[in-house]
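Structural overview
As a plain string of letters, each chain reads:
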Amino acid sequence: APSPAPTTPPKAAPAPPGEWQVWLAGKFKPYEEAAVQKALETGLFTQGKAKVKVTVRNAQYWIHDLGGGKYQQALVSDSTKTRDVRRVARAGVLK
């Protein structure tokens, strides 16, 4: 049987991926698409890009890093359509 994972990761290990959430209907909800989660985590968080383009439910969006841990989703075809986005560390995420 595999040994249980250590409770504290070694210092060389990267932080566990965060969960990206968008403000919908009065509360933050996680993006459903795994590809979107991965694109945001890799582009915005790991690589530190200023913006990343993603497709959510057949619509294209720019997710902008506004600085200070703030993010915003904007529709590519209409940049006035925006929503707040946040990244939540997975360790201890309350569902």
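For the structure itself, consult the block above.
What comes next concerns the included structure.

Conventions and cut-offs
Residues numbered from 1 in each chain as written. Predicted model: local features only at pLDDT ≥ 70, side-chain atom pairs only at ≥ 80, totals over all residues. Heavy atoms only, no water. Helix = DSSP H or I, 4+ residues; strand = E, 2+ residues; numbered from the N terminus. Buried < 20%, exposed > 50% of the residue type's maximum accessible area, 1.4 Å probe, protein only. Polar contact = N/O pair within 3.5 Å; in protein donor to acceptor, adjacent residues only side chain to side chain. Contact = heavy atoms within 4.5 Å. Pairing = 2+ DSSP bridges. Axes fitted to C-alpha atoms, helices over the stretch in contact; angles between N-to-C directions.

What about the side chain of Q21?
- Relative to the helices and strands, Q21 is located in strand β1 (residues 19-24).
- When its relative accessible area of 6% is taken as the criterion, Q21 is described as buried.
- In terms of polar contacts, Q21 uses its side chain to reach the side chain of R86, at 2.6 Å.
- With sequence-adjacent residues up to four places away left out, Q21 is seen in contact with F28, K29, P30, Y31, D84, V85, R86 and V88.

Points about the pairing of strand β5 (residues 70-75)
- By the bridge criterion, six bridges tie strand β4 (residues 59-67) to β5 in an arrangement that is antiparallel. From the neighbouring strand, H64 faces β5, where its bridge partner is Q72.
- Once β4 ends, the chain turns through two residues before running back antiparallel as β5, passing G68 with a positive phi of about 65 degrees.
- The sheet contact formed by β5 and strand β6 (residues 78-88) spans five bridges and is antiparallel. Paired with L75 across the bridge in β6 is D78.
- Hairpin connection of β5 to β6: two residues between the antiparallel strands.

Description of the sheet that holds β6
- Pairing within the open sheet is antiparallel, and its six strands lie in the order β2-β1-β6-β5-β4-β3. Since the sheet does not close on itself, it has two edges, and those belong to β2 (27-30) and β3 (51-56), each with one partner. Taking the axes of each pair of neighbouring strands and ignoring which way they run, one obtains an average angle of 35 degrees across the sheet.
- Its contacts with the sheet put helix α1 (residues 34-46) on β1, β2, β3, β4, β5 and β6, and the angle it makes with β3 is roughly 175 degrees.

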